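# Working through the structure, step by step
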Amino acid sequence: MSDKKSNYSANNIQALEGLEAVRKRPGMYIGSTDTKGLHHLVWEVVDNSIDEHLAGHASHIDMTIHEDNSITVVDNGRGIPTGMHEKLQKSALEVVMTVLHAGGKFDKDTYKVSGGLHGVGVSCVNALSSYLRAEVHREGKIYEQTYSQGKPQMEVKMIGESDKHGTTITFKPDGEIFDSLIYNFDTLANRMRELSYLNSGLHLSLTDEREKEEDGSFKSTAFYSEGGLKEFVTYVDESRTPLISTPIHVTAKEDNVEVEVAMQYNTSFTENIYSFVNNINTREGGTHVSGFRRAVNRVFSKYAEDNGMFSKLKFKVSGEDFREGLTSVVSVKVPEPQFKGQTKGELGNQEVTGIVSRAVGEALSHYLEENPKDSKRIVEKVILAATARHAARKAREMVQRKNVLTGTGLPGKLSDCSSKDPGESEIFLVEGDSAGGTAKQGRDRAFQAILPLRGKILNVEKAMEHKIYENEEIKNLFTALGVSIEDKDGERVLNIEKLRYHKIVIMCDADVDGSHIVTLILTFFFRYMKPLVEQGFVYIAAPPLYLVKKGNTKVYAWNEEERQDIINNMGGAEATGIKTQRYKGLGEMNADQLWETTMDPEERILRQVTIEDSNESDRIFSMLMGDEVPPRRRFIETNAKYANIDV
Ligand code: 0RA
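So, here's what we can say about the structure. (Residues numbered from 1 in each chain as written. Predicted model: local features only at pLDDT ≥ 70, side-chain atom pairs only at ≥ 80, totals over all residues. Heavy atoms only, no water.)

### Things to note about the pattern of salt bridges
Formally: Salt-bridge detection follows one rule: a side-chain nitrogen of Lys or Arg within 4 Å of a carboxyl oxygen of Asp or Glu. To qualify as a helix, a DSSP run of H or I must reach at least 4 residues; to qualify as a strand, a run of E must reach at least 2; elements of each kind are numbered from the N terminus. Relative accessibility under 20% of the residue-type maximum defines a buried residue, over 50% an exposed one, and the middle range a partly exposed one, all with a 1.4 Å probe and only protein chains included.
Taken as a whole, this structure holds 25 salt bridges when the rule is applied. Of the charged contacts in the structure, one is a salt bridge between E194 and R191, with a shortest N-O distance of 2.9 Å. One end of the pair, E194, and the other, R191, are both in helix α6 (residues 185–198), three residues apart, so they sit about a helical turn from each other. For R191, a relative accessible area of 13% translates into the label buried. Between R358 and E254 there is a salt bridge; the shortest N-O distance is 2.9 Å. Here E254 lies in strand β12 (residues 248–254) and R358 lies in helix α10 (residues 351–370), a separation of 104 residues in the sequence. Each member of the salt-bridge network shares a partner with another, and the members are R23, D174 and E176.

### Some details on empty space enclosed by the protein
Where we set the bar: Here a cavity is any set of points on a 1 Å grid over the protein atoms alone where a 1.4 Å probe fits but cannot get out, and a pocket is any open set with protein on both sides within 12 Å along at least 5 of 7 lines; a residue lines the site when it has an atom within 4 Å of a point. Grid points are joined across faces, edges and corners, and a volume is the space filled by probe spheres set on the points.
Per the counting criterion, the structure on display carries six cavities of 30 Å³ or more. The space that makes up the largest cavity amounts to roughly 90 Å³. Around the largest cavity, the lining comprises 11 residues; the ones closest to its centre are N190, E194, F232, Y235 and E616. For the lining of the largest cavity, the secondary-structure elements that each account for two or more residues are α6, α7 (229–236) and α19 (614–625).

### Notes on the sheet that holds strand β27 (residues 579–582)
As a reminder of what qualifies: In this description, strands pair whenever DSSP reports at least two bridges between them. Inter-axis angles, ranging from 0 to 180 degrees, are taken between N-to-C directions of lines fitted to C-alpha atoms, where helices are fitted over the stretch in contact. Residues are treated as being in contact if the distance between any of their heavy atoms lies within 4.5 Å.
Sheet architecture is open: three strands sit in the order β26-β25-β27, paired in antiparallel fashion. In this open sheet, the two edge strands, each paired with only one partner strand, are β26 (553–557) and β27. The sheet shows a mean angle of 20 degrees between the axes of neighbouring strands, taken without regard to direction. Bridge analysis of strand β25 (residues 546–550) against β26 gives five bridges, and the strand direction is antiparallel. Looking at the pairing, Y546 lines up with A557 of β26. Packing of helix α17 (residues 560–569) onto the sheet brings it into contact with β25, β26 and β27, and relative to β26 it is tilted by some 155 degrees.

### Details of the sheet that holds strand β24 (residues 538–541)
In spatial order, the strands read β20-β19-β23-β24-β28; together these five strands make up an open sheet with mixed pairing. Every interior strand has two partners, whereas the edge strands, β20 (448–453) and β28 (606–608), have only one. On average, each strand axis in the sheet is inclined to that of its neighbour by 25 degrees, with strand direction left out of account. Bridge count for β24 against β28 is three bridges, and the pairing is antiparallel. Counted as the bridge partner of Y539 is Q608 from β28. Those strands touched by helix α14 (residues 472–481) are β19 (426–431), β20 and β23 (503–507), and its axis lies near 165 degrees from that of β20. Lying on the sheet, helix α15 (residues 512–528) is in contact with β19, β20, β23 and β24; it crosses β23 at an angle near 145 degrees.

### Some remarks on the nonpolar core
In plain terms, the rule: Here, nonpolar core refers to any group of buried Ala, Val, Leu, Ile, Met, Phe, Trp, Tyr and Cys residues whose side-chain atoms link them within 4.5 Å.
Ranked by internal contacts, the top residues of the largest apolar core, which has 50 residues, are I427, L429, L481, F525 and L532. Among the elements that line this core, the one with the most residues is α15, at nine residues. Not counting the four nearest positions on each side in its chain, F525 is found in contact with L429, L477, L481, I504, I506, K530, L532, V533 and V538. The next biggest cluster of nonpolar side chains, apart from the first, holds 45 residues, and it includes L128, Y147, I169 and Y183.

Bear in mind that shape data such as this cannot, by itself, settle questions of function.
Right under this line is the structure:
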């Protein structure tokens, strides 16, 4: 067997299960069969290619979306082994592609790091594809095998000679399994950009054969980062004003755990931590994030105390104050990660806390010693944060105490529903008092509450925290919803135990001003009530744009295409007694119309707000609502053709 010399032998593969299990319960292996699951297939393949990069063998990963929504991933790694697997008497390639859990994760020594959350192997992708073709360039030869629903359609075949090495996988997701088969360019591109920052030195490209540019070439994009996470923080902080000249960058390795951290202070008031374990975003943080925070608190406290910088303060500086306006990316590579938490998005390995804390602590201490000017700036900002937090807390307590004193504490502007069951209750946040009045008449008061909001609510991206709690509209929101912010070990947490409605519906005009107001409200939810968004309680109402009338027949249309269809169905051109009314605002509808089209659960369209990609959402919010104008203009120019920004 020709694989003898390499450190891998085909026999290391442990045969586990057949692929029928995957087709029977796909959700168990890839999470879901919606578009999320569809995209998951791509990352399963790419994970393997990245592992080749981490093992020092691959420098390029090129992805193509074909016209029929099949995907090709090409890497220049070692190539999947093709030698004979003695126990199974099959080519290793066939074993990797058709036996569950076999792909790449045979034994711990073959790979330093293997995909954490994904890591179910390319065989899963094979099982869930109507067609898959693997091409391997290895040891001077080209090999091929094709499959259908995971079953080989031929023996592994040698089809030519090659002086290259690597693996090419083409697959078409199975329509019997997935609800949607359409790939989203931006979803793939965003993750590839992230992967390029997380794996410096790796070239990634994406080509979309479904779309042509003006010059006739296919739409495509490429990512490459030399500076890694240092460039990542600069990218996510594009719209914020930096406080220090360059990001602080930490790299270290201890006990086979690799640590890379980059941090930048900016003039904003929010903390942004992006954390990753083996390239996978850990949304719920975990031991690596704890280690990072511990080091930041420890080192900055000591530095400020040693230099007498906190001596005049009348209150304690909390951990949160050290991280206000801090954007950081914490990435660790751990050989055997353990994930826990609701969505398995939290790292559990205890040993990692100390390793990250030591690495970051040491690097930060050095940094503070060597950069006295920047260090002083940071500490001054921390003192400002502590002072502001002190003021915010007082403002918050005032608001919350007042509610207790005035009995129910519900805002006067709220027209509440009769039901007290949050599960069936809805609240409509309506732009302006007049539309609020119409909504109040039109609603079903049994389960629908109305809270009118004054025109443009405060832009929280630009305001100091205590100003936010003093704002009338925002106070009303907190009390109407029944949620409050509490201090827990010096951290702010949103208490939603007493949430009064499980549907919070933002209802604004379908015009430019209306979408601006939606964005302002969403920014507020994203920054101050994120758990409500994460748990799926926030929705956007979609009022119709047109009413088409012919005699006594009235039909609503939500876009131009629908309007045309309706007109055609009514028997032709507008000129024959058919009339179209364009609704510019909610105010132009009467109560019955608003109920029929926008509020009636049987008829209405609600868009649920989800945080598909938390990092990208954060960047977009800070760009749309923050200080810096050029990135905002660029964003609006490039996205102008999409009328709605779907968060
Ligand atoms: C099994 C073993 C080795 C590599 C791979 C699988 C592998 C899988 C994929 C999937 C896409 N690209 C890939 N590249 C490699 C180790 C090979 C060795 O030790 O020579």
